[in-house]
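Understanding the architecture of this molecule
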Amino acid sequence: MNDLYLILKNLTRKKMRLFLTSFAIFIAFLIFGAVMALRGALNSGIEMSADNRLVVVNKINFTQPLPYAYVNKVKNIDGVKDVTHANWFGGYYQEPANQVVTMAVDPETYFDVYSELVVDPEQKQAWLNDRGGILVGERLAKLNNWQVGDRIPISSNIFSKKDGGHTWEFMVDGIFTGADAQTDTGYLLFHYKYFMETQSWGGDYLGWLVLTTTDPALNEQVAKAIDERFANSSAETDTSTEKAFNKAFIEQIGNIGLIIFGVVFMAFFTILIVVGNTMVLAIRERTGEIAVLKTLGFSSIRIFKMVLLESCLLAFLGGLLGLGAAFILVKGASAQLARFLPNLVLDQSIIIQALIYMLLLGLITGMIPAVNALRLNIVTAFNRG
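Only a predicted model underlies this, so the values are computations on that prediction, with no experimental measurement involved. (Residues numbered from 1 in each chain as written. Predicted model: local features only at pLDDT ≥ 70, side-chain atom pairs only at ≥ 80, totals over all residues. Heavy atoms only, no water.)

**Digging into the overall build of the protein**
The helix and strand inventory of the protein stands at 15 helices and 13 strands. Across the 385 residues of the protein, 45% fall into the buried class. Of all intrachain contacts in the protein linking residues separated by at least 6 positions in sequence, the fraction that spans at least 24 positions is 80%. (Helix = DSSP H or I, 4+ residues; strand = E, 2+ residues; numbered from the N terminus. Buried < 20%, exposed > 50% of the residue type's maximum accessible area, 1.4 Å probe, protein only. Contact = heavy atoms within 4.5 Å.)

**Let's talk about the confidence of the model for the protein**
For the protein, the mean per-residue pLDDT works out to 85, and 90% of the residues sit at or above 70. Mean pLDDT across the elements of the protein ranges from a minimum in helix H3 (residues 44-47), with 56, to a maximum in strand S7 (residues 133-137), with 96. (pLDDT = per-residue confidence, 0-100.)

**Section: the nonpolar core**
Core analysis: the biggest nonpolar cluster contains 43 residues, and Ile25, Phe29, Phe32, Ile271, Ile303, Val307 and Leu314 have the highest contact counts within it. Of all elements in the fold, only helix H1 (3-11), helix H2 (15-42), helix H11 (256-285), helix H12 (287-295), helix H13 (300-336) and helix H14 (348-375) reach the threshold of two or more residues within this core. With sequence-adjacent residues up to four places away left out, Leu314 is seen in contact with Leu11, Leu18, Thr21, Ser22, Ile25, Val275 and Met279. Counting 39 residues, the second largest nonpolar core, distinct from the first, contains Tyr70, Ile152, Phe170 and Tyr205. (Core = buried A, V, L, I, M, F, W, Y, C linked by side-chain atoms within 4.5 Å.)

**Some thoughts on H1**
What H1 keeps buried is the set Leu6, Ile7, Asn10 and Leu11. Taken end-on, H1 shows its buried residues confined to a sector of 130°, consistent with a single buried face. (Arc of directions from axis to C-beta.)

**So, a nonpolar patch on the surface**
On the surface, Phe261, Phe265, Met266, Phe269 and Ile273 cluster together into a nonpolar patch covering about 540 Å² of accessible area. Looking at the secondary structure, you find Met266 in helix H11. Looking at Met266, the relative accessible area reads 47%, which means it is partly exposed. (Patch = residues over 30% accessible without salt bridge, like charges linked within 9 Å, V, L, I, M, F, W, Y side chains within 5 Å. Areas by Shrake-Rupley, 256 points an atom, 1.4 Å probe, with all protein chains shown as cover. Salt bridge = Lys/Arg side-chain N within 4 Å of Asp/Glu carboxyl O.)

See the structure below:
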């Protein structure tokens, strides 16, 4: 008799119990897939950070400006490769609730530092030649259905124009993409000089500096040199790696990693107890049948493998269905939440991790009943009956 046939018959003999147990596992992996995709979206800025990229901000607060003169001073520090700068614009499109991440940047150097951004050379040149033009990230362009050549009104909730208005009209000169699927492209860029010429207050100041070092091993040395260079000045600096800067920014809303770990752990711990208890009860109900199998010549090891495989099949049945539901949920949510959560995807690493957890769930919950079946004495089993 085929072992797989026996396993499937045992698995489906009580359909309601199979349904309820599979549903519990289904929910666990649905939560796992959705929460891990959320974690990936929140951490995408951290994970995609370049190893040799540093961020320089005002030591008092991220929102405080830095003098424009710092650009050349930082550029002359040993170990610095490329330097660029950016200013936060506080932009929105049509309605204040429709926030758009908008930054005034140095067009000549921005793409030297952010080499993972990809833009058509002709479009980039058109932007360089057009002081009133913008480059739009692919995700943002798709979200608003913007095309190259469109004129886009972008308003600011921070700055005003010299003519008294709060809205700048830009020409879309190009659309940039990311070299990696998880690279954030949900923002737009415009010329720093145009921003300074048209806004009504403030002089030549910067929001923050971003630079690359010639070698990641020099990061600490360069960061220390920059902060020492501007120590005791009117605008002292705080320099850190881009990864550390992004992580600190994300953690302003809480320890996301700990929250996600707590949710996933509690879901899996609960399912572990439920499935483990179900498997123990199922094998105990079949004590007499196992004794008959041993009487017919089934070895203890063979029965051990059958019980363990049954537990693994149960884990994969509910797990794969849950992961599939998570994929559909994440794909639907990514379109709805694209403005707030860039790159909400159920990527390959999450799928592989989920498959490993399914296997572990099956092995852990099936180990005790499998060992009990392995050790079952035929005479004792029949006496129970």
